[in-house]
Amino acid sequence: MFAWFVGLLALTTLASVLVARQLVLAGLDERIDRDLVQESEELRKIAGEPNPEAGAPDVTAIFRAFLERNVPSRDEVFVAYVGGKPFDSRPTLPFAIAEEPGLAARWATISATARGRVDTKAGELDYLAVPVRYQEKTLGVFVVGAFVERERRESQLDAGFHVLSHALAGCCRLAGCG
């Protein structure tokens, strides 16, 4: 009878770990999406409303202002392109993300907001790319990205330890430890 109960406890603990993992990952993806959108909204505030009488906005000044006022979080990166070429990026990474083959060609030339996930030399990156447009022409593109692997690992470990600690507490109660 006791072995049956321990087996059931092990099975429910495993199921709890799997469910907790999925919930944590879903919450993490939602938080990353919110962070990416928040950064793009900051850029839009700096860019302001288009003024046809003033002519095309100075996209380099917009990007400089954003990069001076905002510091990327630990696993976040900002990349700006002007005229289809890399303009600036933050933080400085061990490789030039703005010039990484495939990414530069994709990001530098977008004409509509794009969201996605790509593999880079530094790991998997969730990104939101926002073009700065004036009169049907893309003047520049701003990309905000979040490297997700470290946060996923940490979140999964936290969820696993949480469930495991509850399972161990249950075993201790069964064994009369406390």
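A short tour of the structure in this document, coming up. (Residues numbered from 1 in each chain as written. Predicted model: local features only at pLDDT ≥ 70, side-chain atom pairs only at ≥ 80, totals over all residues. Heavy atoms only, no water.)

**Topic: the overall build of the protein**
Next, step 1: A tally of helices and strands in the protein yields four helices and five strands.
Next, step 2: Written out in order from the N terminus, the α and β elements of the protein read α-α-β-β-α-β-β-β-α.
Next, step 3: Each of the 178 residues in the protein was classed as buried or not, and the buried ones make up 36%.
Next, step 4: Put simply, 51% of the contacts in the protein that link residues at least 6 apart link residues at least 24 apart. (Helix = DSSP H or I, 4+ residues; strand = E, 2+ residues; numbered from the N terminus. Buried < 20%, exposed > 50% of the residue type's maximum accessible area, 1.4 Å probe, protein only. Contact = heavy atoms within 4.5 Å.)

**So, the pattern of salt bridges**
Oppositely charged side chains are able to pair whenever their charged atoms sit close together.
Next, step 1: One pass over the structure, following the stated rule, counts five salt bridges.
Next, step 2: For D75, the salt bridge identified is with R74, shortest N-O distance 3.5 Å.
Next, step 3: For D75, a relative accessible area of 7% corresponds to the buried category.
Next, step 4: Relative accessible area serves as the criterion here: at 52%, R74 is assigned to the exposed category.
Next, step 5: Residues D88 and R90 are paired through a salt bridge, measuring 3.1 Å at the closest nitrogen-oxygen approach.
Next, step 6: You can call D88 partly exposed: its relative accessible area is 25%.
Next, step 7: According to the relative accessible area criterion, R90 is partly exposed, its value standing at 31%. (Salt bridge = Lys/Arg side-chain N within 4 Å of Asp/Glu carboxyl O.)

**What to know about the pairing of strand β3 (residues 114-120)**
Next, step 1: Taken together, the seven bridges between β3 and strand β4 (residues 123-134) define a ladder with antiparallel strand orientation. Looking across to β4, one finds that R115 is bridged to L128.
Next, step 2: Between β3 and the antiparallel strand that follows it, β4, lie two residues. (Pairing = 2+ DSSP bridges.)

**Digging into the packing of aromatic side chains**
Next, step 1: Per the stated rule, a full pass over the model turns up six aromatic pairs.
Next, step 2: Judged by centre distance (6.3 Å) and plane angle (45 degrees), the rings of F63 and F87 are tilted. Of this pair, F63 sits in helix α2 (residues 59-69) while F87 sits in strand β2 (residues 85-90), and the two are 24 residues apart along the sequence.
Next, step 3: We classify F63 as buried; its relative accessible area is 0%. (Phe/Tyr/Trp six-rings, centres within 6.5 Å; stacked < 30°, edge-to-face > 60°.)

**Structural notes on the environment of G48**
Next, step 1: Turning to its location among the elements, G48 is positioned in the loop between α1 (2-47) and α2.
Next, step 2: Expressed as a C-alpha distance, the spacing of G48 and I62, which sit 14 residues apart in the sequence, is 9.3 Å.

**Things to note about unusual backbone geometry**
Next, step 1: The phi angle at Q135 is positive, at roughly 50 degrees, despite the residue not being glycine.
Next, step 2: Inspection of the secondary structure puts Q135 in the loop between β4 and β5 (137-147).
Next, step 3: Phi is positive for E136, close to 65 degrees, though the residue is something other than glycine.

**Some words on the sheet that holds β3**
Next, step 1: With antiparallel pairing, the five strands of this open sheet are ordered in space as β2-β1-β5-β4-β3. The sheet is open, and its two edges are formed by β2 and β3, each paired on a single side. Taken pair by pair, the neighbouring strands of this sheet meet at an average axis angle of 25 degrees, ignoring direction. (Axes fitted to C-alpha atoms, helices over the stretch in contact; angles between N-to-C directions.)

**Focus on the environment of F66**
Next, step 1: Along the chain, F66 turns up in helix α2.
Next, step 2: Looking at F66, the relative accessible area reads 0%, which means it is buried.
Next, step 3: Residues F66 and S40, 26 residues apart in the sequence, show an inter-C-alpha distance of 10.0 Å.

**Focus on the pairing of β5**
Next, step 1: Of all 11 residues in β5, nine are buried; the element is thus mostly enclosed.
Next, step 2: As paired strands, strand β1 (residues 76-82) and β5 are joined by seven bridges and run antiparallel to one another. Counterpart to A80 in the pairing with β5 is F142.
Next, step 3: Direction of pairing for β4 relative to β5: antiparallel, over a ladder of 10 bridges. Within the sheet, the bridge partner assigned to Y127 lies in β5 and is G145.
Next, step 4: Connecting β4 to the antiparallel partner β5 that follows it, the hairpin turn spans two residues, and Q135 within it adopts a positive phi of roughly 50 degrees.

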